[in-house]
Amino acid sequence: MFLPNSFVDALADYKSAYYVIFGVPFDNTSSFRAGSRWAPDAIRQVSANFESYNPTFDIDLVDLPIYDAGNLETSASVNETLQNLYEATKNILRDGKLPIMLGGEHSLTFAMVKACSEFAGEDFGVLILDAHFDLREEYRGFKHNHACVSRNILNQITENIVFIGIRSGPEEEWIFARENNLKYYTADDVEYIGVVEVLKKAIEWLDCKHLYLSLDMDAIDPAYAPGLGTPEPFGMNARDIRTAVRTLAPFTMGLDIVEIAPEYDSGQTAMLGAKVMREFIASHAKSRMNL
Ligand code: MN
Ligand code: MN
């Protein structure tokens, strides 16, 4: 069940909408500093600052079928929250719409990816932008800790995953990634190879019609995005993230933006999250118009 709330420029009703935005204010497994539960509303609030017209795509968000479903009701239990999120996402997909989830913490992505993969079938891949691999099998007593999300996706859903922005993790995760031939690009790779080339290689490797895109905001350098649960310096710059989202949006069937913790900055990380989501919608809508 959703509790009402509204994103600026989300003017459509559910029935006529194609883009369905919703928040999941859940951060109960967050390890270092919690607070991503406040992100969905912070993102909505700062979005009021932006013009609805996007000059890059020559598109006005007020003309697009965008609906804000509000925030998903969460429980203290991660498993119950994931189950609710999985069902809500399935319903949105079944209604022929594109789900956009504002976290909340990264553990939530598992439920979104599960619903999307079941809907997409075999021709499916996942692209994760993150500073961290999140490959732990278990962390602090939780199998669905946010530090385990990629491992759970790999084990239970799909191995067709590319990681971009990686730069932190215990030695075992790097060994695991190499031994299992995981496809990943570090933030340094992005710096040296260039984001356009990295994206080209990632898309070729994934080779799928239906993509799920997960943006853990700590992929971005904390200079641009300081309001995070687990900030990690030497990250990707904000422009490269925008390029990634603009490039991938046309192939994407589901998106999440997670791990923003608004109380650790002056609103700039939520602002970046809001802007990135708007770029995603504009790019995706433009590609639909060109079909
Ligand atoms: Mn993560
Ligand atoms: Mn992370």
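Look up: the structure comes first, before these words.
Since we're looking at a predicted model, the values are computed, not measured.

(A) Layout of the pattern of salt bridges. The tally for this structure, following the rule as stated, stands at seven salt bridges. Note that K90 and E118 form a salt bridge whose closest N and O atoms lie 2.6 Å from each other. Taken as a pair, K90 in helix α2 (residues 78-94) and E118 in helix α3 (residues 109-120) lie far apart in primary sequence, 28 residues in all. For E118, a relative accessible area of 39% gives the class partly exposed. A salt bridge links R151 to E137; its shortest N-O distance comes to 3.5 Å. Of the two residues, R151 sits in helix α4 (residues 149-156) while E137 sits in the loop between β7 (124-129) and α4, which places them 14 residues apart along the sequence.

(B) Quick look at α4. Burial analysis of α4 places six of its eight residues in the buried class, the great majority of the element. Those residues of α4 that sit buried are V149, S150, R151, N152, I153 and L154. Against α3, β7, β8 (161-166) and α5 (171-179) lie the buried residues of α4.

(C) Broad picture of the nonpolar core. Counting 57 residues, the largest nonpolar core has I100, L127, L129, I164, I241, I257 and I281 as its most contacted members. Of all the elements, helix α9 (residues 268-289) adds the most residues to this core, at nine residues. When near neighbours in sequence (up to four residues on either side) are disregarded, L127 contacts V162, I164, A202, L206, L211, Y212, L213, S214 and L248. Residues Y86, L93, F110 and I161 belong to the second largest nonpolar core, which totals 41 residues.

(D) Looking closely at the side chain of S36. Note on placement: S36 falls in the loop between β2 (19-24) and α1 (39-47). At 3.3 Å, the side chain of S36 forms a polar contact with the backbone nitrogen of E105.

Definitions and limits used
Residues numbered from 1 in each chain as written. Chains lettered and ligands numbered in written order. Predicted model: local features only at pLDDT ≥ 70, side-chain atom pairs only at ≥ 80, totals over all residues. Heavy atoms only, no water. Salt bridge = Lys/Arg side-chain N within 4 Å of Asp/Glu carboxyl O. Helix = DSSP H or I, 4+ residues; strand = E, 2+ residues; numbered from the N terminus. Buried < 20%, exposed > 50% of the residue type's maximum accessible area, 1.4 Å probe, protein only. Contact = heavy atoms within 4.5 Å. Core = buried A, V, L, I, M, F, W, Y, C linked by side-chain atoms within 4.5 Å. Polar contact = N/O pair within 3.5 Å; in protein donor to acceptor, adjacent residues only side chain to side chain.

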